[in-house]
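So the chains spell out like this:
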Amino acid sequence: MTRLEVMLGTLLAVVILGVAILAGVVFLFPKNAAPAPAVAPTAAPLNVQRAQADTAIIGYAAAQRAAALWSGDSQLVSVTATWVPGSESDGISDGSSSWGYTFYSPASGRSVVVTVQGAEGSVVYELPLAVAPAPLPPGNWRQDSTAILATLLHSGGETFLRQDGDATVTMSLTMNPAAERAEWFVSLISARTGRSITMLVDATSGEVLELDGPAT
């Protein structure tokens with residue numbers, strides 16, 4: 001199993017866990033749940049979401065403020081986002097989404113996920129961690145989601161979308177301690193064929209480290 005395959009499986013597990021937690025919150029607290037959208041999320045094109053979304057770097061400031069209120073020693077450890085099937089290449093390439101920022105407190109051994117809508121960051125859930133994750137220094141993160149997604153589309157992603165149809169897009173930014181660098185992992189998974197294209201990019205230089213998929 002390649003490193004890209006391991007990262008894809010891990011990222012999908014995180015996405016599934018997040019969906020399960022949010023579903024539990026809605027079930028346990030239905031009165032506080034947001035009203036259902038008029039159009040099912042899986043059918044909505046990405047450009048419907050862009051008006052209230054930011055790129056990963058733009059949203060970070062709001063997430064950092066919310067994390068600082070949660071704990072003064074909070075450290076950023078990962079950034080993730082998912083685009084649902086129905087996203088088109090012209091919408092994906094702008095890198096805007098409802099991002100999830102994971103912060104860790106060394107003092108408490110706990111982590112939180114902060115989501116950002118507009119200029120406001122909100123803590124979604126808090127979890128204890130048995131192992132301290134590698135912190136993600138902001139100085140190691142220079143490539144925004146816009147550039148990373150554009151690179152993927154130009155490296156076979158556009159061809160993949162034309163051939164395999166609508167796809168779920170997942171992105172994750174983490175620190176690779178062994179290589180001492182921040183890395184973007186991004187994937188397209190076809191809703192129709194189940195095939196995928198994945199890419200690993202140096203988040204500082206923008207260099208493509210690994211690229212794998214049927215369109216490459």
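Above this text you will find the structure in question.
Described in the following lines is the structure provided in the data block. No experiment lies behind these values; they were computed from the predicted model shown. (Residues numbered from 1 in each chain as written. Predicted model: local features only at pLDDT ≥ 70, side-chain atom pairs only at ≥ 80, totals over all residues. Heavy atoms only, no water.)

## Section: the overall build of the protein
Part 1 of the reasoning: Per the secondary structure count, the protein includes five helices and eight strands.
Part 2 of the reasoning: Traced from its N-terminal end to its C-terminal end, the protein shows the element sequence α-α-α-β-α-β-β-β-α-β-β-β-β.
Part 3 of the reasoning: Among the 216 residues that make up the protein, the fraction classed as buried is 38%.
Part 4 of the reasoning: Accessible surface for the protein amounts to roughly 10900 Å². Of this, 59% is attributable to carbon and sulfur atoms. (Helix = DSSP H or I, 4+ residues; strand = E, 2+ residues; numbered from the N terminus. Buried < 20%, exposed > 50% of the residue type's maximum accessible area, 1.4 Å probe, protein only. Areas by Shrake-Rupley, 256 points an atom, 1.4 Å probe, with all protein chains shown as cover.)

## Here we look at the pattern of salt bridges
Part 1 of the reasoning: Evaluation of the coordinates by the stated rule reveals three salt bridges.
Part 2 of the reasoning: Note that Glu 126 is salt-bridged to Arg 110, the shortest N-O span being 2.6 Å. Of this pair, Glu 126 sits in strand E4 (residues 120-128) while Arg 110 is found in strand E3 (residues 110-117), placing the two residues 16 residues apart along the sequence.
Part 3 of the reasoning: Residue class for Arg 110 comes out partly exposed when judged on its relative accessible area of 29%.
Part 4 of the reasoning: Of the charged contacts, one joins Arg 181 and Glu 183 as a salt bridge, the two residues approaching to 2.6 Å between their closest N and O atoms. (Salt bridge = Lys/Arg side-chain N within 4 Å of Asp/Glu carboxyl O.)

## Points about the pairing of strand E7 (residues 196-202)
Part 1 of the reasoning: Of all seven residues that make up E7, six are buried, and the element is covered over most of its length.
Part 2 of the reasoning: Direction of pairing for strand E6 (residues 181-190) relative to E7: antiparallel, over a ladder of seven bridges. If you follow Ile 189 over to E7, its bridge partner there is Ser 196.
Part 3 of the reasoning: Relative to strand E8 (residues 208-212), E7 runs antiparallel, the two sharing four bridges. Residue pairing across strands places Met 199 opposite Leu 211, the latter belonging to E8.
Part 4 of the reasoning: Following E7, the chain reverses through five residues before pairing antiparallel with E8; Gly 206 in that reversal takes a positive phi of roughly 85 degrees. (Pairing = 2+ DSSP bridges.)

## Topic: the sheet that holds E7
Strand pairing in a sheet relies on backbone hydrogen bonds. The paired strands run either parallel or antiparallel.
Part 1 of the reasoning: Sheet architecture is open: eight strands sit in the order E4-E3-E2-E1-E5-E6-E7-E8, paired in antiparallel fashion. Two strands bound the open sheet, and with one partner strand each, they are E4 and E8. Neighbouring strand axes in the sheet, compared pairwise and without regard to direction, differ in orientation by 15 degrees on average.
Part 2 of the reasoning: Relative to E3, strand E2 (residues 100-105) runs antiparallel, the two being bridged by six bridges. Note on E3: the bridge partner recorded for Tyr 101 is Val 114.
Part 3 of the reasoning: Docked against the sheet, helix H3 (residues 56-70) engages strand E1 (75-83), E2, E3, E4 and E6, running at close to 35 degrees with respect to E2. (Axes fitted to C-alpha atoms, helices over the stretch in contact; angles between N-to-C directions. Contact = heavy atoms within 4.5 Å.)

## Some words on helix H5 (residues 145-164)
Part 1 of the reasoning: With 20 residues, H5 should cover 28 Å at 1.5 Å per step; its first-to-last C-alpha distance of 23 Å lies more than 12% under that length.
Part 2 of the reasoning: Residues of H5 that are buried: Ser 145, Ile 148, Leu 149, Leu 152, Leu 153, Gly 156, Gly 157, Phe 160, Leu 161 and Asp 164.
Part 3 of the reasoning: Residue Gly 165 follows H5 closely and has a positive phi angle near 80 degrees. (Expected span 1.5 Å × (residues − 1).)

## Notes on the pairing of E2
Part 1 of the reasoning: For E2, a buried count of six out of six residues is recorded, marking the element as mostly surrounded by other parts of the structure.
Part 2 of the reasoning: Residues of E2 alternate between two faces, with Gly 100, Thr 102 and Tyr 104 on one and Tyr 101, Phe 103 and Ser 105 on the opposite face, all of them buried.
Part 3 of the reasoning: In this structure, E1 lies alongside E2, joined through five bridges in antiparallel fashion. The partner of Val 79 across the bridge, within E2, is Tyr 101.
Part 4 of the reasoning: Joining the antiparallel neighbours E2 and E3 is a turn of four residues, in which Gly 109 adopts a positive phi near 70 degrees.

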